[in-house]
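Coordinate analysis (summary)
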Amino acid sequence: MSLQPYASPIERIWFWVFRIFCGLILLFLMVPVLVIIPLSFSESSFLTYPIQGFSLRWYEQIFSSGPWMDSLKNSLIVAPLATILAMIFGTLAAVGLNRADFPGKGLILALLISPMVVPLVIVAVGMYFFFANLGLLNSYTGLVIAHAVLGVPFVVITVNATLQNFDYNQIRAGASLGASPLRVFFTVVLPQIIPGVASGGLFAFATSFDEVVVALFIASPTERTLPIQMFSGIRENISPAIAAMATLLILMSVVLLLVMEFLRRRSEKLSTHR
Amino acid sequence: MTSITANHTAQDNQPIAGLKAQLRRAERMKKIKAMLLVAPLALFLMIAFVMPISSMLWRSIDNTEVGSVMPKTADAILHWDGQGIPDEAVFEAFANELRESRAGGGLGRIGRRLNYEDPTFRSLLTQTLRGLPATTEVTWTEELIGINARWNETSTWLAVQRTAPTVTDRYLLAALDLERAEQGQIAKVAPNQRLYVEVFKRTLVIAGGVTLICLFLGFPLAYLLATLPTSKSNLLLICVLLPFWTSLLVRTAAWIVLLQSGGLVNSGLMWTGIIDAPIQLVFNRIGVFFAMVHVLLPFMILPLYSVMKSVPSTYQRAAVSLGAHPFAAFWQVYVPQTLSGIAAGTILVFIMALGYYITPALVGGPSDQMVSYYVAYYTNTTNNWGMAAALGALLLIVTLLLYMVYHKLVNQKQLVRS
């Protein structure tokens with residue numbers, strides 16, 4: 001949308017009102033993310049502006065503190081494992097869903113996506129009772145399974161989207177040249193859908209790395225993940241140490257965003273080459 | 001070699017039928033292979049997702065506590081007509097099974113269940129248990145009434161009778177502020193005990209308000225993004241995507257920092273002179289709205305943006321060139337073409353907002369907690385699992401109904417920009 005040279009005064013006013021309104025919304029979206037970063041370098045132990053002095057003491061504090069480092073370690077154990085599980089299950093299922101029509105397909109797709117829409121607290125309470133019976137409560141295994149469940153829909157959706165442009169004659173071509181189905185999958189299919197698999201995986205990873213509710217219910221202090229540590233920190237006493245960890249997490253989301261953009265470009269390139 | 005020749009002859013005899021059968025077989029194989037690929041995930045979700053939720057839902061009607069600890073009593077009292085007091089057989093079964101319930105935590109289970117009927121029942125049970133005679137050659141009716149006269153009251157035994165069947169609707173009714181009156185008809189609970197209808201209303205009001213604000217803010221921004229040249233819009237899109245990728249906890253913490261009494265928003269308002277003293281913006285409804293709109297706004301913008309991207313601007317220009325006022329052209333020509341995006345974004349945001357727990361817990365006050373909070377509260381704090389399950393079941397039903405509408409409306413791949 002741009003302003004035409006022949007626009008009337010009312011159109012001009014409207015144009016600028018609209019632009020300013022959009023600018024304010026963008027400000028609303030960005031300010032909370034940006035405002036917390038400077039506070040993490042403050043010397044004061046209060047989270048208020050103006051900032052007093054520059055120090056790295058809060059970073060020192062989180063990197064030398066047992067609870068913060070333990071919870072970070074726990075998240076770095078659980079998130080990748082859950083992501084890998086979600087990627088394997090989700091990719092296979094998406095390939096299967098696109099391969100042929102079979103009875104109940106719509107229903108199954110709805111089932112595969114449903115962990116994304118069911119309120120987290122219901123998933124959490126359900127798993128709490130169910131895992132208690134199976135002895136999976138307060139274990140890494142239980143947490144990995146739970147987070148894999150929550151991550152699976154993202155992988156199914158993204159791989160499904162990549163497969164929309166996939167030409168299945170390539171599978172036949174591979175098979176007619178004597179390759180085994182497994183070899184066809186790894187040398188023909190996978191390289192083309194890898195952007196979808198990876199971006200679904202990133203979503204799954206981010207989900208696990210930011211998941212509080214289910215973890216609150218099924219994890220004991222030993223498996224305390226980073227989000228739980230953040231949650232109790234915010235709840236009890238919000239200190240600049242939280243701002244320091246928040247800054248690190250924002251840094252991580254910038255990296256995630258960049259990787260995502262790279263994958264999107266790559267996927268676009270793959271589909272225009274055809 | 002011979003087998004191949006034989007095969008050939010067979011095919012030559014009935015070429016069409018043979019080909020058809022082969023094609024059918026190949027198609028069937030393809031279907032089976034496809035299903036086998038989906039099977040691991042479907043099975044995984046059945047076990048780790050559907051079964052936990054179904055077993056939780058079962059708890060909302062589960063009434064087996066008394067029946068499992070006191071099977072004979074439960075059986076006998078179900079035949080009682082509810083007049084006067086039950087006969088000696090019921091008293092005897094009750095006394096014997098009460099004595100046995102001390103082993104294996106049975107007493108605790110029935111005590112908790114009976115306490116939902118009458119909060120003094122647990123102490124009545126322990127007192128009765130202490131008073132039970134060691135011998136068995138007694139008239140149990142007299143003995144129990146001798147221990148506590150409440151065993152001579154019809155209402156006491158009616159309460160026991162209500163706990164005897166395998167399933168109950170008391171939790172689901174209670175989740176709607178309803179109960180069974182003495183005669184068994186459904187009635188509203190006393191006004192000072194009504195809570196959940198209010199909580200459901202509050203949940204709908206917050207979710208609906210958040211959705212409307214998101215639409216009001218998201219539509220113009222999505223429109224700007226869709227109409228700007230790609231190089232500019234990509235840059236602005238980062239401002240939408242960066243918060244989207246940022247941890248929910250980080251954003252919630254940021255809102256507390258911004259809105260607290262010494263925070264930037266209050267200082268800004270005081271500096272401009274709009275207010276003289278800091279106003280309470282967080283740990284109340286305002287804070288909930290700010291934080292939830294911020295978290296959910298990208299989920300409104302992205303579906304809208306992807307639909308608006310595919311709407312050609314030519315129709316709108318054609319309308320203007322035919323003499324329509326630019327606003328009329330926008331409202332009557334452009335907006336209807338974006339309805340699928342509006343529907344997708346609105347339902348998505350509303351569904352997500354309904355289940356919110358963390359954000360209201362951190363930035364809201366006690367009167368801003370939504371249904372999810374009470375589900376968690378009953379599970380963790382009071383161990384009233386029937387109530388937690390009943391509230392969860394109602395929340396789940398609303399969510400799934402909306403999800404079905406959403407599923408019909410939206411192609412799934414629109415959900416995620418990849």
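Please read these numbers as outputs of a predicted model, since none were measured by experiment.

Cut-offs and rules
Residues numbered from 1 in each chain as written. Chains lettered and ligands numbered in written order. Predicted model: local features only at pLDDT ≥ 70, side-chain atom pairs only at ≥ 80, totals over all residues. Heavy atoms only, no water. Helix = DSSP H or I, 4+ residues; strand = E, 2+ residues; numbered from the N terminus. Rg over C-alpha atoms; globule rule 2.2 N^0.38 Å. Buried < 20%, exposed > 50% of the residue type's maximum accessible area, 1.4 Å probe, protein only. Contact = heavy atoms within 4.5 Å. Areas by Shrake-Rupley, 256 points an atom, 1.4 Å probe, with all protein chains shown as cover. Lys, Arg positive; Asp, Glu negative; His and termini not counted. Charge placed at Lys NZ, Arg CZ, Asp CG, Glu CD. Buried area = accessible area lost by both parts, 1.4 Å probe. Polar contact = N/O pair within 3.5 Å; in protein donor to acceptor, adjacent residues only side chain to side chain. Nonpolar A, V, L, I, M, F, W, Y, C, P; charged D, E, K, R; others polar. Salt bridge = Lys/Arg side-chain N within 4 Å of Asp/Glu carboxyl O. Axes fitted to C-alpha atoms, helices over the stretch in contact; angles between N-to-C directions. Parallel < 35°, antiparallel > 145°, perpendicular 65-115°, else oblique. Left-handed = near helix turned anticlockwise from the far one by under 90°. Domains from an automatic or database assignment. Expected span 1.5 Å × (residues − 1). Phe/Tyr/Trp six-rings, centres within 6.5 Å; stacked < 30°, edge-to-face > 60°. Lys NZ or Arg CZ within 6 Å of the ring centre and 35° of its normal. Disulfide = S-S within 2.5 Å.

1. Focus: the overall build of chain A
Within chain A, the regular secondary structure consists of 11 helices and zero strands. Along chain A, helices (α) and strands (β) appear in the sequence α-α-α-α-α-α-α-α-α-α-α when read from the amino end. Taking 19 Å as the expected radius of gyration for a compact globule of 274 residues, we find that chain A reaches 24 Å, considerably beyond that expectation. Considered along the principal axes of its C-alpha atoms, chain A spans approximately 70 × 70 × 30 Å. Sorting the 274 residues of chain A into buried and exposed places 54% on the buried side. A fraction of 70% describes how many contacts in chain A between residues 6 or more apart in sequence connect residues 24 or more apart. For chain A, the exposed area adds up to about 12300 Å²; of that, 68% sits on carbon and sulfur atoms. Of note, chain A has its 15 positive side-chain charges centred 11 Å away from the centre of its 12 negative side-chain charges.

2. Some thoughts on the interface of chain A and chain B
Of the residues lining the interface, 90 residues belong to chain A; the matching set on chain B comes to 86 residues. Looking at the side of chain A facing chain B, the largest losses of area belong to A:Phe28, A:Leu29 and A:Phe129, adding up to 8% of the total buried there. For the pair chain A and chain B, the number of links is five residue pairs in polar contact (both at pLDDT 80 or more). By residue class, the composition of the side of chain A that touches chain B is 71 nonpolar, 10 polar and nine charged.

3. Things to note about the pattern of salt bridges
On inspection of all chains with the given rule, the structure shows 10 salt bridges over all chains. A salt bridge links A:Glu261 to A:Arg265, with the nearest nitrogen and oxygen atoms 3.5 Å apart. Here A:Arg265 and A:Glu261 lie together in helix 11 (residues 240-273), a separation of four residues that amounts to about one turn. Residue A:Arg265 is classed as exposed on the basis of its relative accessible area of 52%. B:Asp368 is the salt-bridge partner of B:Arg285, the closest N and O atoms lying 2.7 Å from each other. Here B:Arg285, found in helix 15 (residues 285-309), pairs with B:Asp368, found in the loop between helix 19 (358-363) and helix 20 (371-380); they are 83 residues apart in sequence, far enough to count as distant.

4. Here we look at the packing of helix 1 (residues 9-39) of chain A against helix 11 (residues 196-227) of chain B
How two helices pack is summed up by the angle between their axes together with the distance between the axes. In contact at an axis separation of 9 Å, helix 1 of chain A and helix 11 of chain B are set at 110° when each is read in the N-to-C sense. The orientation of helix 1 of chain A with respect to helix 11 of chain B, classified from their angle, is roughly perpendicular. As helix 1 of chain A runs across helix 11 of chain B, the sense of the crossing is left-handed. Within the contact between the two elements, helix 1 of chain A uses A:Phe18, A:Arg19, A:Phe21, A:Cys22, A:Ile25, A:Leu26 and A:Leu29 and helix 11 of chain B uses B:Phe216, B:Leu217, B:Pro220, B:Leu221, B:Tyr223 and B:Leu224. Looking at the contact of helix 1 of chain A with helix 11 of chain B, its residues break down into 12 nonpolar, no polar and one charged.

5. Notes on unusual backbone geometry
Most peptide bonds are trans, and most residues other than glycine sit at a negative phi. Unlike most non-glycine residues, A:Asn138 shows phi in positive territory, near 55°. Residue placement: A:Asn138 occurs in the loop between helix 5 (120-134) and helix 6 (140-163). Here A:Asn138 falls in the partly exposed class, since its relative accessible area comes to 40%. The phi angle at B:Asp177 is positive, at roughly 60°, despite the residue not being glycine. As for its placement among the helices and strands, B:Asp177 is situated in the loop between helix 10 (170-174) and strand 1 (178-180).

6. Thoughts on the packing of helix 11 of chain B against helix 18 (residues 339-354) of chain B
Residues and elements named next belong to chain B. Interhelical geometry of helix 11 versus helix 18 gives an angle of 145° and a closest axis separation of 9 Å. By crossing handedness, the relation of helix 11 to helix 18 is classed as right-handed. Counted together, Thr203, Leu204, Ala207, Gly208, Val210, Thr211, Cys214, Leu215 and Phe219 of helix 11 and Ile342, Thr346, Val349, Phe350, Ala353 and Leu354 of helix 18 form the full contact between these two elements. Tallied by class, residues from the contact of helix 11 with helix 18 come to 11 nonpolar, four polar and no charged.

7. Observations concerning the side chain of A:Ser40
All names here are of chain A. For Ser40, the location among the structural elements is in the loop between helix 1 and helix 2 (57-64). Since its relative accessible area comes to 0%, Ser40 is described here as buried. Side-chain polar atoms of Ser40 contact the side chain of Thr247, separated by 3.2 Å. Aside from chain neighbours lying at most four places away, what touches Ser40 is Ser55, Trp58, Tyr59, Pro240, Ala243, Ala244 and Thr247.

8. As for the domain arrangement of chain B
Note on interface size: it is often stated as the accessible area lost on association of the parts. Assigned domains of chain B: these are domain 1 (12-59), domain 2 (64-166) and domain 3 (196-414). One C-alpha centre belongs to domain 2 of chain B, the other to domain 3 of chain B; they are set 52 Å apart.

9. Focus: the side chain of B:Thr128
Residue and element names in this part refer to chain B. Within the element layout of this structure, Thr128 appears in helix 7 (residues 121-131). At 2.5 Å, the side chain of Thr128 and the backbone oxygen of Leu124 are in polar contact. Excluding residues within four positions of it along the chain, Thr128 makes contact with Leu98, Leu144, Ile147 and Trp151.

10. Regarding helix 18 of chain B
Residues and elements named next belong to chain B. End to end, helix 18 covers 22 Å across 16 residues, agreeing with the expected 22 Å (1.5 Å per residue, within 8%). Buried residues of helix 18: Gly341, Ile342, Ala344, Gly345, Ile347, Leu348, Val349, Phe350, Ile351, Ala353 and Leu354, and no others. At its buried positions, helix 18 is contacted by helix 11, helix 15, helix 17 (326-337), helix 20 and helix 21 (385-409).

11. What about the packing of aromatic side chains?
Taken as a whole, this structure holds 35 aromatic pairs over all chains when the rule is applied. With 5.2 Å between their ring centres and 20° between their planes, A:Phe205 and A:Phe209 make a pair best called stacked. Here the residue A:Phe205 and the residue A:Phe209 both occupy positions in helix 8 (residues 181-209), the gap between them amounting to four residues, near one helical turn. A:Phe209 sits in the buried class, given a relative accessible area of 7%. Members of the aromatic cluster, connected to one another through ring pairs, are A:Phe18, B:Phe219, B:Tyr223, B:Phe330 and B:Tyr334. For B:Arg59, the ring lying beneath its charged end belongs to A:Phe129, and the centroid distance is 3.9 Å. Sitting over the ring of B:Phe121, B:Arg150 keeps its end group 5.9 Å from the ring centre.

12. Considerations on the state of the cysteines
Applying the stated criterion to the full structure yields zero disulfides over all chains. Considering cysteine sulfurs only, A:Cys22 is the nearest to B:Cys214, which forms no disulfide, with 15 Å between them. Take B:Cys239: it sits in no disulfide, and the sulfur closest to it among the cysteines is that of A:Cys22, at 12 Å. The class of B:Cys239 is buried, set by a relative accessible area of 19%.

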